[in-house]
Amino acid sequence: MPLKRLKSPPAQSPFAPIWEIPLGIEKLSDAETLAGIRKIVLAREPELKQEIKAKPIAGIDDGLTSRWHSFNTFTWNEPPMRQFQEFVRKSYLGYLSALNISRRKCYVQGWANVVRGGGKFAPHCHDQSPYAFVSGNLTVACEDTQTIYYPPYLYRGAPSPKMQVPIQNEPGLLTLFPSTIMHETSPHNGDSERITLAFDIFLQDFDLGGRPGADGMHIVMDDPAGFTGTHVGRAGTVTSGTPLSLND
Ligand SMILES: [Fe+2]
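How each quantity is defined
Residues numbered from 1 in each chain as written. Predicted model: local features only at pLDDT ≥ 70, side-chain atom pairs only at ≥ 80, totals over all residues. Heavy atoms only, no water. Axes fitted to C-alpha atoms, helices over the stretch in contact; angles between N-to-C directions. Helix = DSSP H or I, 4+ residues; strand = E, 2+ residues; numbered from the N terminus. Parallel < 35°, antiparallel > 145°, perpendicular 65-115°, else oblique. Left-handed = near helix turned anticlockwise from the far one by under 90°. Contact = heavy atoms within 4.5 Å. Nonpolar A, V, L, I, M, F, W, Y, C, P; charged D, E, K, R; others polar. Pairing = 2+ DSSP bridges. Donors = N, O, S within 2.8 Å, 3.2 Å for Na, K, Ca; no water. Buried < 20%, exposed > 50% of the residue type's maximum accessible area, 1.4 Å probe, protein only. Phe/Tyr/Trp six-rings, centres within 6.5 Å; stacked < 30°, edge-to-face > 60°.

1. Observations regarding the packing of helix α1 (residues 31-51) against helix α2 (residues 79-98)
Look at α1 against α2: their axes get within 8 Å of each other, and the N-to-C directions meet at 115°. It follows that α1 is roughly perpendicular to α2 by the angle criterion. Once α1 is placed against α2, the crossing between them reads as left-handed. Touching T33, G36, I37 and I40 of α1 are P80, M81, Q83 and F84, all from α2. Across the contact of α1 with α2, the residue classes break down as five nonpolar, three polar and no charged.

So this is what it looks like as structure tokens:
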């Protein structure tokens, strides 16, 4: 997998911050799949909004993003969603391989974001616990927006604009990143919906609120000791696993 490494400038002092953040970048170049995902997300949006209580997050008070805690796009079984899940799984394995990191049992939970005129995500990160692992997002539809990543240091209590690393959003672009790092988006000023699928990969089957398996929603993403099932079943349940190899 192609990596983009965000690196601190050469330290001129023994106390200067030193950091290196690997972003994994892949492209899902299948317009039909992306169109299918867009349709599915927009069709499911009203029901999810009605069923799930919003918890404001990253500057978003309403919409699917603020319902991230109670649905999992890795349980959606429509063919375009299965293609998305397989693409993420392969990309995740490629990311580990490129970084020479061993596979381990992990879980995934994903949600959809639909942003309309003027909306944006405020700076946030997904996990800074000792178990922080990998997060990612796939741009499904967008106009002229960027996702902006920052090093793990704050200046005057906020990410420093001088240190930002913007990535231009484009349909099909998947970015994998350490869950610890701060990121935000530029405002979406287009007329159409900006749609992304985001996800967290966990090493432990509990979420940041301490709920086991987020009420049973987490899906096994990878289990090097056995099999994986990325698109069906509940946490810890593998109902249609296939053996994994880094070449599949
Ligand atoms: Fe995020």
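2. Focus: the sheet that holds strand β5 (residues 146-149)
Taken in spatial order, the three strands line up as β6-β5-β8 in an open sheet, and their pairing is antiparallel. Two strands in the sheet have a free side with no partner beyond their single neighbour: β6 (165-168) and β8 (183-185). Taken over all neighbouring pairs, the strand axes of this sheet differ in orientation by 25° on average, direction set aside. As judged from the four bridges shared by β5 and β6, these two strands associate in the antiparallel manner. Along β6, the bridge assignment pairs Q146 with Q168.

3. Considering the coordination of the iron ion
Here the iron ion is held by H124 (NE2), H126 (NE2) and H183 (NE2), and the distances to it run 2.1 Å. In primary-sequence terms, the residues that donate to the iron ion follow H-x1-H-x56-H. Of this pair, H124 sits in the loop between β3 (106-115) and β4 (134-141) while H183 sits in strand β8, and the two are 59 residues apart along the sequence. For H124, a relative accessible area of 18% gives the class buried. Among the residues examined, H183 registers a relative accessible area of 5% and is labelled buried.

4. Quick notes on the packing of aromatic side chains
For the structure shown, the criterion picks out six aromatic pairs. Between F74 and F84 the ring centres are 5.2 Å apart and the planes differ by 50°, which places this aromatic pair in the tilted class. Residue F74 is found in the loop between α1 and α2, and its partner F84 is found in helix α2; the two are separated by ten residues along the sequence. Residues F74 and F84 agree in their burial class; the two are buried. Between F74 and F199, the ring centres sit 5.9 Å apart and the planes meet at 75°, which makes this aromatic pair edge-to-face. Remark: F199 occurs in strand β9 (residues 194-202) and F74 occurs in the loop between α1 and α2; sequence separation between them is 125 residues. We note that F74, like F199, is buried. A connected cluster of aromatic rings, assembled from ring pairs, spans F74, F84 and F199.

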